[in-house]
Amino acid sequence: MKHATGLVVVLLVAGGAFYLAQHSKRHDAVNANAVVDMAADWQRDVTRAPMQFTRISDEQETQIGDELARKYVSAQPAQTPETRATEQYVKEVGGRVAVHAKRKLNYRFHLIGDANLLNAFALPGGHVFIGQGLLDQMTSEDELAFVLGHELEHIDHYHAVERVQIEAKLKSLDLDIVTAIAEIPMSSWQAGYSKDQEFEADREGLRIAAAAGYSPQGAVTMTERLGKLQREYVIHAETPTGELSQVAIDGLIGYFRSHPLPSERLAQVNAVIAQDHLQNRPLTHFHIEYEVTSGER
Amino acid sequence: MQPISVAVGLAVFGLVLFELGTWWQQKQIRLQAYTALTAAFARIFFVNLTAATLPGETLSPRIYTAVPIALILFFVWAQLQSDKSTPEIGRWSPRDLIAYFGTVCIAAVLYFETSVEWIVVAWAALALLLVIATWALDKEVFLQQAVLLSVGIVGRGIAHNIFGGSYFSSDGWRGNFAVLSITSAILLTALPITFRLRKRYTEHPIESFLGCALGLKRTEQWFFFAPAALITIIIAVKMNPEMVTLSWGIEGVVVILLGLLVSQRSYRITGLFLLLLCVGKIVCLDAWRLSDTNRYITFIALGGSLTLVSWLYSKYRETVRRLL
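Reading the values: rules and limits
Residues numbered from 1 in each chain as written. Chains lettered and ligands numbered in written order. Predicted model: local features only at pLDDT ≥ 70, side-chain atom pairs only at ≥ 80, totals over all residues. Helix = DSSP H or I, 4+ residues; strand = E, 2+ residues; numbered from the N terminus. Buried ≥ 20, exposed ≤ 12 C-beta atoms within 10 Å, placed from the backbone. Expected span 1.5 Å × (residues − 1). Arc of directions from axis to C-beta. Core = buried A, V, L, I, M, F, W, Y, C linked by C-beta atoms within 7 Å. pLDDT = per-residue confidence, 0-100. Contact = placed C-beta atoms within 7 Å. Domains from an automatic or database assignment. Nonpolar A, V, L, I, M, F, W, Y, C, P; charged D, E, K, R; others polar. Axes fitted to C-alpha atoms, helices over the stretch in contact; angles between N-to-C directions. Parallel < 35°, antiparallel > 145°, perpendicular 65-115°, else oblique. Left-handed = near helix turned anticlockwise from the far one by under 90°.

**Observations regarding unusual backbone geometry**
- Although it is not a glycine, His277 of chain A sits at a positive phi angle of roughly 50 degrees.
- Checked against the element boundaries, His277 of chain A lands in the segment after helix H13 (262-275).
- Among the residues examined, His277 of chain A registers 7 C-beta atoms within 10 Å and is labelled exposed.
- Non-glycine residue Gln25 of chain B carries a positive phi angle of around 55 degrees.
- Classification of Gln25 of chain B by C-beta neighbours within 10 Å gives exposed; the count is 9.

In structure tokens:
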């Protein structure tokens, strides 16, 4: 009797869970992100203590960052007047946000004129890069300030320099030889950081953008848009075989791209706004002005 | 089917197969049930644990899908406890493995559902529950899990909460003091039960290899040294450098008092070691580096602590001699 009652209770609970799951309007992708996230977080935690004891100086970090940025910028095609003006605009917004960073480095902002690059990344020492593709997705200056603040905080909180330390250790590179460090591929910086570091960059990026006078709603609308993009672009496997291939592919990519889910990022953004009582300001629209001259006098 | 319902479906299917296999006494059906249950357990790592709560949802899909799976696993485990027949495959029995799956399900949900700083607190609460379950059900498997979890708590506490915290956020550092203090308090709450368990295991010694390897006869050592290590290290790393010696001194006295209270030689020696560490630190570092005020405070407090300990040792000389 006891067994039968227990069985009925367990089946009822499981049946209820099954009903709820089946009737939820969710679009969850099957991937190895849970395992990858845990592995990436543990790896980051385990390496954090040695990082603190072997930290390189700000001067050395800036030298390495400058060399990496120089190499990357020189590989880009020549800028059009439009990209130049847009880059100037990015620099102005970034400059306003960077004033509130905790580490007083020489922060510099660059635009990569590739409309397919839906990404932004930071190099150690103060260089922040943003792709034209990501900029095209934005509708307000506040969104740009949040994204730049997020990347800036990867530098401010030593995430970028810790990656240099890890890469140098893995590839047996000498941290004192800047040209050797510049051999670290740019994909290492574009890949993103651990879930924990991404959350920290979101949190602190939002705070410095707000301190610079930008509306915290920029972070909300930007995170919502990223969530929408993810829903549109993530492939949903229809069969168990499809799921298996997706798990394998996502697992490989996911190890390097362990960004938190947009819904979790949005939840954190809303929590920070409420907790810090961030003032809600109206969103500022983009305003880029530039002149094209023919060169004739 | 929705991707998040597959694991629940597999678990229910496994449970039904298990019941049928038991009813008809068909070993192969039960083996299929174990396969389905293992698949359900594995599946949560590929979709359910990353299914975060969306705006408008009141209950997290992680909770409402993974917890029922754990419930099914524990139900099957409980049925296997009453089954006195021979193991399913040669000498191997799935009993304990199923209990491990259930607990890992819960620990994984806590890992993904709790904010990163508070995971250790959630795990400490789970470890306490496991110790209580061991006491109430007299099942060693839960004590194994509790000990393994306490190792995980120390590992994560040191790596994440102590060394992995933010470099700048001051509330994060103070926050970590609070988080690790609560974690330690929860782990110490398990101590009275572990002393009772020690008595139980003295009368009925543990025979399993894993139980012996994990030192389950003396779990009070795990549940004392885990919080003691966390507190000692967080003081060393995060405390204002001028207050480290004083804090270790206070910790040392508290540990010695606890050692005398519960008649534990290892605790007393740990307390004495901490006091010795303080004396060594004062002579080698503090006497030369501390500001005048902090030097006076540290010297007076540590002198007082040492006098108190000497008095306690004289007063309880007989008790101490018996424990040596």
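**A look at helix H10 (residues 195-211) of chain A**
Residues and elements named next belong to chain A.
- Given a rise of 1.5 Å per residue, 17 residues ought to cover 24 Å, and the 24 Å separating the end C-alpha atoms of H10 matches this to within 8%.
- The buried count for H10 comes to 15 of 17 residues, which makes it a mostly enclosed element.
- Taken from the residues just after H10, Gly213 is the one with a positive phi, measuring 100 degrees.

**Some details on helix H3 (residues 58-74) of chain A**
All names here are of chain A.
- Compared with the 24 Å implied by 1.5 Å per residue over 17 residues, the 24 Å span of H3 between its first and last C-alpha is a close match.
- Listing the buried residues of H3 in full gives Glu61, Ile64, Gly65, Leu68 and Ala69. Across the axial projection of H3, the buried residues extend over an arc of 130 degrees, all falling on one side. In H3, the exposed positions angled more than 90 degrees off the buried face are occupied by Glu59, Arg70 and Ser74.

**As for the nonpolar core**
- Residues Ala11, Ile69, Ile72, Leu73, Cys105 and Ala127 of chain B are the most contacted members of the largest nonpolar core, which totals 104 residues.
- Of all hydrophobic cores here, the second largest spans 48 residues; its members include Leu134, Ala145, Ala160 and Leu278 of chain A.

**Some remarks on the confidence of the model for chain A**
All names here are of chain A.
- Averaged over every residue, the pLDDT of chain A is 82; the share at 70 or more is 86%.
- Here helix H12 (residues 240-256) stands out as the least confident element of chain A, with mean pLDDT 55; helix H6 (residues 141-156) is the most confident, with 95.
- Considering only residues more than four positions removed or in separate chains, one finds that residues 251-256, a stretch of pLDDT under 50, has ten contacts.

**Quick notes on the domain arrangement of chain B**
Residues and elements named next belong to chain B.
- As far as domains go, chain B holds domain 1 (1-113), domain 2 (115-238) and domain 3 (244-324).
- Taken over C-alpha atoms, the centre of domain 1 sits 26 Å from the centre of domain 2.
- Counting residues at the interface gives eight residues for domain 1 and seven residues for domain 2.
- Taken together, the residues that form the side of domain 1 that touches domain 2 break down as six nonpolar, one polar and one charged.

**Considering the packing of helix H1 (residues 2-23) of chain A against helix H1 (residues 3-24) of chain B**
- Orientation of H1 of chain A relative to H1 of chain B, taken along the N-to-C sense of each, is 155 degrees, at an axis distance of 9 Å. Relative to H1 of chain B, the element H1 of chain A is oriented roughly antiparallel. In this structure, H1 of chain A meets H1 of chain B at a crossing whose hand is left-handed. Residue-level inspection shows Leu7, Val10, Ala14, Ala17, Phe18, Ala21 and Gln22 of chain A of H1 of chain A in contact with H1 of chain B, the latter providing Ile4, Ser5, Val8, Gly9, Ala11, Val12, Leu15 and Glu19 of chain B.
- Classifying every residue of the contact of H1 of chain A with H1 of chain B by side-chain character gives eleven nonpolar, three polar and one charged.

**What about the packing of H1 of chain B against helix H3 (residues 61-82) of chain B?**
All names here are of chain B.
- Following both chains from N to C, one finds H1 and H3 inclined at 15 degrees, their axes separated by 9 Å at the closest point. Taken together, the axis directions place H1 and H3 in an arrangement best described as roughly parallel. H3 is crossed by H1, and the crossing has left-handed handedness. For the pair H1 and H3, the contacting residues are Ile4, Ala7, Val8, Ala11, Leu15, Phe18 and Thr22 in the first and Pro61, Thr65, Pro68, Ile69, Ile72, Val76 and Gln79 in the second.

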